[in-house]
Amino acid sequence: MPIKVQNNLPAKKIMEKENIFMMDETRAVSQDIRPLYIAVLNLMPLKEETEVQLLRSLSNTPLQIEITFLTTATYIGTNTPASHLNEFYKTFEDVKDKKFDGLIITGAPIEHMEYEDVQYWDELTKIMDWSNTNVTSTLHICWGAQAGLYYHFGIHKYMLPKKKFGIYEHNVHHRKEPLLRGFDDVFYAPHSRHTGVSHDEIAACEDLTVLAESEEAGELILLSHDGRKVFVLGHLEYDRMTLDSEYKRDRAKGLAIDVPENYYPNDDPEQRPKLRWRGAANALFSNWLNYYVYQNTPYSWD
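Parameters and conventions
Residues numbered from 1 in each chain as written. Predicted model: local features only at pLDDT ≥ 70, side-chain atom pairs only at ≥ 80, totals over all residues. Heavy atoms only, no water. Helix = DSSP H or I, 4+ residues; strand = E, 2+ residues; numbered from the N terminus. Expected span 1.5 Å × (residues − 1). Contact = heavy atoms within 4.5 Å. Salt bridge = Lys/Arg side-chain N within 4 Å of Asp/Glu carboxyl O. Buried < 20%, exposed > 50% of the residue type's maximum accessible area, 1.4 Å probe, protein only. Patch = residues over 30% accessible without salt bridge, like charges linked within 9 Å, V, L, I, M, F, W, Y side chains within 5 Å. Areas by Shrake-Rupley, 256 points an atom, 1.4 Å probe, with all protein chains shown as cover. Lys, Arg positive; Asp, Glu negative; His and termini not counted. Charge placed at Lys NZ, Arg CZ, Asp CG, Glu CD. 1 Å grid on protein atoms, 1.4 Å probe; cavity = no way out; pocket = protein on both sides within 12 Å on 5 of 7 lines; lining within 4 Å. Points joined across faces, edges and corners; volume = space filled by probe spheres on them. Nonpolar A, V, L, I, M, F, W, Y, C, P; charged D, E, K, R; others polar.

Chemist: Just to check I follow, could you spell out helix 6 (residues 121-134) for this structure?
Modeler: In an α-helix, one full turn covers 3.6 residues, which means residues spaced three or four apart are oriented alike. Compared with the 20 Å implied by 1.5 Å per residue over 14 residues, the 19 Å span of helix 6 between its first and last C-alpha is a close match. Contacts from the buried residues of helix 6 go to strand 3 (36-41), helix 5 (92-95), strand 6 (100-105), strand 7 (135-141) and helix 7 (143-153).

Chemist: Teacher, can you tell me more about unusual backbone geometry here?
Modeler: Excluding glycine, residues mostly have negative phi values, and the peptide bonds linking residues are mostly trans. In this model, N262 sits at a positive phi of 60°, which is unusual for a non-glycine residue. Looking at the secondary structure, you find N262 in the loop between helix 9 (242-252) and helix 10 (278-294).

Chemist: Hey, could you run me through the pattern of salt bridges in this one?
Modeler: Between side chains of opposite charge, a pair can form when the charged atoms approach closely. Inspection of the entire model under this criterion finds 8 salt bridges. We note a salt bridge from R56 to D239, for which the minimum N-O separation is 2.4 Å. Note that R56 is positioned in helix 3 (residues 47-57) and D239 in the loop between strand 12 (229-232) and helix 9, a separation of 183 residues in sequence. Here R56 and D239 have matching classes, each one buried. We note a salt bridge from K248 to D244, for which the minimum N-O separation is 3.1 Å. Note that K248 and D244 are positioned in helix 9 at a spacing of 4 residues, about one turn of the helix. Classification of K248 by relative accessible area gives partly exposed; the value is 37%. Classification of D244 by relative accessible area gives buried; the value is 8%. Shared partners join several salt bridges into a network, and the residues in it are K163, E246, R249 and D250.

Chemist: I keep staring at a negative patch on the surface and nothing clicks. Help me out?
Modeler: Together, E169, E215, E216, E261 and D267 make up a region of like negative charge exposed at the surface. With respect to the element layout, D267 can be found in the loop between helix 9 and helix 10.

Chemist: Could you clarify how one ought to interpret the layout of surface pockets in this entry?
Modeler: One water molecule sets the probe size; rolling that probe over the atoms shows where empty space is left. Its volume calculated, the largest pocket comes out at about 910 Å³. P109, K163, E246, R249 and D250 are, among the 38 residues lining the largest pocket, the residues nearest its centre. Mapped by element, the contributors of at least two residues to the lining of the largest pocket are helix 3, strand 8 (157-172), strand 9 (186-197) and helix 9. For the lining of the largest pocket, the per-class residue count stands at 17 nonpolar, 10 polar and 11 charged. Estimates place the volume of the second largest pocket at around 300 Å³. Across the lining of the second largest pocket, the residue classes break down as 12 nonpolar, 8 polar and 2 charged.

Spelled out as structure tokens, the structure:
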């Protein structure tokens, strides 16, 4: 899929090395075709790493996509150079009068905090309100999914006894839902979180449908009944080595962390992890772009 980004975005070079078609601005303007406009609210501290993961996940469709990266104005992290943010990111104030075909809200490592205590919570709620009228479909990931479930549907989170960390089997429900096209009955997905969401509150919510869940890790994919909000409580966008990096980072800090479950062969961190979720990830992102964004968005927002 041709993804249109700025010519000098570092992630573009990484994608091109993987033979993923990245379209620069010069070529894009020569095509007589309307791209899908996708905004990515990147709340992760290592923004460049998340850019690569999401661009890779969005790359398996023939649709042309123009990406706008967003960051919060009320909190500026220190893990990404200011020069990178200034060159490649916008804030909500920059785009609040625009319309987008799709919006992705990423996770964030702030699960231990109450939502209202998060420094940018008010800004995030404004963005989620804005998405109801200015975005065709929004994909929420991990903490972004928990925050969206809480804000839109009143679904609370709770602390887990220990971090849910590893690769888990998930079962598909409602197979005829287009978001699940191409999924096997059982598929794998990564999780990396300290909190869960209330199963009882989800079951009681008539506006939500659980499309995939795990006996070990709980709900994974949820869909609002109007199809405009998708919630993914795991990390299907993760690369092969992402959990490895998290594990070794926490070990180096002296933190108590278990070996990721079902990840390393023989649970040996010195062995290369097996990649078992890329097919499901490709299906999820392609289906979202096709059936919930492209098929439903107007040709002209005017």
